Amino acid sequence: MKKNRAFLKWAGGKYPLVEEIRRYLPEGDCLIEPFVGAGSVFLNTEYDRYILADINSDLINLYDIVKTQTDDFIRDARELFTGEYNVAEVFYQLRDEFNLCAVPYRRAVLFLYLNRHCYNGLCRYNMRGEFNVPFGRYKKPYFPEEELRWFALKARNATFVCEHYQQTLLKATQGAVVYCDPPYAPLSATANFTAYHTNNFNNIDQQSLATLAYRLSMESAIPVLISNHDTELTRAWYQDAALYVVRARRTISRNIMGRSKVNELLALYGAPLR
């Protein structure tokens, strides 16, 4: 089966792991993702329906616009992927425009531009909620038209919602399967990349997610698969789940030497393997 790439660059994106995740995802008629991120799992699975949520309102706004105004969006976003827009001065002007912009459509166009032109495709906001990732200095940023069109096609069967993960999990009904890709637990005290949005995701959130997953699987017979780093802490959080170890390449690091393979954990609550 051909692997489909997301149209966004995304820290911790699941494209390298989709085969492994598919292997452990149970069957069902609806896949629910409370942390959709760039959507690689959504783009590479075959469920009848999807409920895709994220706390990042810019992300969900972008997805709704790509779904409903595909051709207009591609035409308007493509205009920003020419040489004259790939210079630092223009990048910072457009970043300022984005941070002041209240028009959903224009904000979505600028969000894709920033994602593809900023450093490492990071998505980060300051305490005032302003996007603050610096210019990436890429020779020729890629315009993901094919990926946008595939996303729009798949999105016909998807509902996008901006909300807290606990609210999304409450939407799970019989026949649903849940896949959770929360901001990862740090491998060490200095390697914390979880502050990708102004809402930080801490250890209490991690434990709460594990508790909710266990409860959903036991009380409602709804299977939940969670991915995270493989550490003593995550193994303690997911002690009530079946644990599977997979190897993943880290793509966010200050130097190339740091982009090594690390073990990741897939924690499956409440469903036997197919």
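Residues numbered from 1 in each chain as written. Predicted model: local features only at pLDDT ≥ 70, side-chain atom pairs only at ≥ 80, totals over all residues. Heavy atoms only, no water.

As recorded in an unreviewed UniProt entry, the protein goes by Site-specific DNA-methyltransferase (adenine-specific) and comes from Symbiopectobacterium purcellii. Entered under Sequence similarities (unreviewed entry) in the UniProt record, the comment concerning the protein runs "Belongs to the N(4)/N(6)-methyltransferase family." UniProt's Catalytic activity (unreviewed entry) comment on the protein is quoted here verbatim: "a 2'-deoxyadenosine in DNA + S-adenosyl-L-methionine = an N(6)-methyl-2'-deoxyadenosine in DNA + S-adenosyl-L-homocysteine + H(+)". (UniProt positions renumbered as here; feature names shortened; annotations may be inferred.)

**A short note on the packing of helix H4 (residues 70-78) against helix H6 (residues 104-117)**
It is at 10 Å that the axes of H4 and H6 come closest, and there the two elements cross at 55°. Classified by the interaxial angle, the pair formed by H4 and H6 is oblique. Our pair here, H4 against H6, has a crossing hand that is right-handed. On H6, the residues touching Asp 72, Phe 73, Asp 76 and Ala 77 of H4 are Tyr 105, Ala 108, Val 109 and Leu 112. Looking at side-chain class alone, the contact of H4 with H6 contains six nonpolar, no polar and two charged residues. (Axes fitted to C-alpha atoms, helices over the stretch in contact; angles between N-to-C directions. Helix = DSSP H or I, 4+ residues; strand = E, 2+ residues; numbered from the N terminus. Parallel < 35°, antiparallel > 145°, perpendicular 65-115°, else oblique. Left-handed = near helix turned anticlockwise from the far one by under 90°. Contact = heavy atoms within 4.5 Å. Nonpolar A, V, L, I, M, F, W, Y, C, P; charged D, E, K, R; others polar.)

**Considerations on the confidence of the model for the protein**
Here the protein shows a mean pLDDT of 91. Residues at 70 or above account for 89%. Residue range residues 192-198 is modelled with pLDDT below 50. Its contacts to residues more than four positions away, or to other chains, number 24 contacts. (pLDDT = per-residue confidence, 0-100.)

**Digging into the side chain of Ser 227**
Note that Ser 227 resides in strand E5 (residues 224-229). A relative accessible area of 1% places Ser 227 in the buried class. Of note is the side chain of Ser 227, whose polar atom sits 2.7 Å from the side chain of Tyr 179. If near-sequence neighbours (up to four positions away) are discounted, Ser 227 is found in contact with Lys 14, Tyr 179, Cys 180, Asp 181, Pro 182, Tyr 184, Leu 265 and Leu 266. (Buried < 20%, exposed > 50% of the residue type's maximum accessible area, 1.4 Å probe, protein only. Polar contact = N/O pair within 3.5 Å; in protein donor to acceptor, adjacent residues only side chain to side chain.)

**Points about helix H9 (residues 203-219)**
Its 17 residues give H9 an end-to-end C-alpha distance of 24 Å, which sits within 8% of 24 Å, the value for a rise of 1.5 Å per residue. When H9 is considered as a whole, its buried residues turn out to be Asp 205, Gln 206, Leu 209, Ala 210, Ala 213, Leu 216 and Ser 217. For H9, the buried positions fall inside an angular range of 140° around the axis, keeping them on one side. Exposed and facing more than 90 degrees away from the buried side of H9 are Ile 204, Met 218 and Glu 219. With a side-chain oxygen lying 3.0 Å from the backbone nitrogen of Ile 204, the N-terminal cap of H9 falls on Asn 202. Of the residues flanking the end of H9, it is Ala 221, one or two places downstream, whose phi is positive at about 55°. (Expected span 1.5 Å × (residues − 1). Arc of directions from axis to C-beta.)

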